[in-house]
Amino acid sequence: MNPQVELLEPCGAMLTDVDCAQLDTALVTLIEDLMREHAVLVIRGKGHLDDEQHLAFSRAFGPLELPSARPNAHMARVAFGLYDVSNLGPDGEIADPDGPRAKIAKGNELFHADSSFNDLPSKWSILRGVIVTPEGGATELIDGRKVYDALSDASKARIAGLEVEHDYFHSRRKAGATVPSDSPLAPYMRAVHPLVRTSASGRPTLFVGAHAARILGMDEAESTALIEELLAFATQRKFVYAHKWQAGDIVIWDNRCTLHRGTEYDYRRYKRDMRRSTVNEGGEERSAIPAHLSLQMLSQPQAEAR
Ligand SMILES: [Fe+2]
């Protein structure tokens, strides 16, 4: 095995000639180092991981953020601990194009950081392509540190010290979903983060995304305008790496300093089977959704999209 690293444009790196099913200390260290530097890593390795290997690989980098406190029916196709981000129903066939899966896919087309509505720092997401589409369905990624570096000095001064509330239900509304304002989940799915965070590399990063709902201490109009302005700046094409999937690819992104989204594909025509794990920086393996909430609430399909 002779790991090869190639830089991607305008951000990220690709690692080849490795076997993620045979993780050793050297490979873990290499991946940690590449992630610290590049924040986005494509691994086009030897062989394809299965679900259990995907989980074992993920746990080498941190405790899992579980999709929900316990298994539920619409995730039954994948091993417990993985998020099913496919367009497939439990029978493996394309799910109802007007159903919750299609709505989730739509929501994931907005640039976001996974679980940024959660207090726990979500470290990485690790997405594996099982069935990929021959056209469309790219995953687009942005390095927020490069975005921050490109801001004008005046913008940097304007946003220094600001804090943003990230709210899961905000991003669902933005994606066109009807979300009840009195959902019992709502208070548990929002968290405040600095607008400028320090990444694992020590570099400052602009931390926005679709979940970013309001800037603390600002009136709503000003807050919305500033968030939209920063999002528009961050999502300029010059910052976007678009990953065209091959089956077996693994794409890792650092949720603390990148944004990502899925792009459109012909939902009715192509099967797309993607499975994701998310790891936290530390602590116990647990769901982003508190365990005391009912199974019925947890099994609402919208709660699985991040
Ligand atoms: Fe996501």
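Per an unreviewed UniProt entry, the protein goes by TauD/TfdA family dioxygenase and derives from Croceibacterium salegens. What UniProt records for the protein under Sequence similarities (unreviewed entry) is the sentence "Belongs to the TfdA dioxygenase family."

All right, on to the sheet that holds strand S9 (residues 190-194) then. Judged by pairing direction, the sheet is antiparallel, and its three strands sit side by side in the order S9-S8-S12 without closing on themselves. Whereas interior strands pair on both sides, the edge strands pair on one side only; in this sheet they are S9 and strand S12 (212-215). When strand polarity is set aside, the average angle formed by the axes of neighbouring strands in this sheet is 30 degrees. Strand contacts of helix H7 (residues 220-234): strand S8 (163-167) and S12, with the helix running at about 130 degrees to S12, the strand carrying the most contacts.

Moving on, we come to the coordination of the iron ion. At 2.1 to 2.2 Å from the iron ion lie its protein donor atoms, namely His112 (NE2), Asp114 (OD) and His260 (NE2). One chain supplies every donor to the iron ion, and in sequence these donors are spaced H-x1-D-x145-H. Here His260 lies in strand S15 (residues 258-262) and His112 lies in the loop between helix H3 (100-107) and strand S6 (122-131), a separation of 148 residues in the sequence. Overall, the relative accessible area of 5% leaves His260 in the buried class.

Take the sheet that holds strand S1 (residues 4-7) next. As summarised here, the arrangement of the seven strands in space is S1-S2-S3-S14-S6-S16-S5, forming an open sheet in which the pairing is mixed. Each end of this open sheet is capped by a strand with a single partner; those strands are S1 and strand S5 (83-84). Alignment of strand S3 (residues 40-44) against strand S14 (residues 250-254), held across four bridges, turns out to be antiparallel. Bridged to Val40 within S14 is Trp253.

Turning our attention to the nonpolar core. Counting 25 residues, the largest nonpolar core has Leu15, Ile31, Leu41, Ile43, Phe57, Trp124 and Ile252 as the members making the most contacts within it. Among the secondary structure elements, those contributing two or more residues to this core are strand S2 (13-16), helix H1 (25-38), S3, helix H2 (51-59), S6 and S14. Per-element accounting of this core gives the leading share, five residues, to H1. Not counting residues up to four positions away in its chain, the partners in contact with Ile31 are Leu15, Leu41, Ile43, Phe57, Phe61, Trp124 and Ile252. Judged by nonpolar contacts, the second largest core, of 23 residues, contains Phe111, Ile142, Ile215 and Leu259.

So, how was this worked out
Residues numbered from 1 in each chain as written. Predicted model: local features only at pLDDT ≥ 70, side-chain atom pairs only at ≥ 80, totals over all residues. Heavy atoms only, no water. UniProt positions renumbered as here; feature names shortened; annotations may be inferred. Pairing = 2+ DSSP bridges. Helix = DSSP H or I, 4+ residues; strand = E, 2+ residues; numbered from the N terminus. Axes fitted to C-alpha atoms, helices over the stretch in contact; angles between N-to-C directions. Contact = heavy atoms within 4.5 Å. Donors = N, O, S within 2.8 Å, 3.2 Å for Na, K, Ca; no water. Buried < 20%, exposed > 50% of the residue type's maximum accessible area, 1.4 Å probe, protein only. Core = buried A, V, L, I, M, F, W, Y, C linked by side-chain atoms within 4.5 Å.

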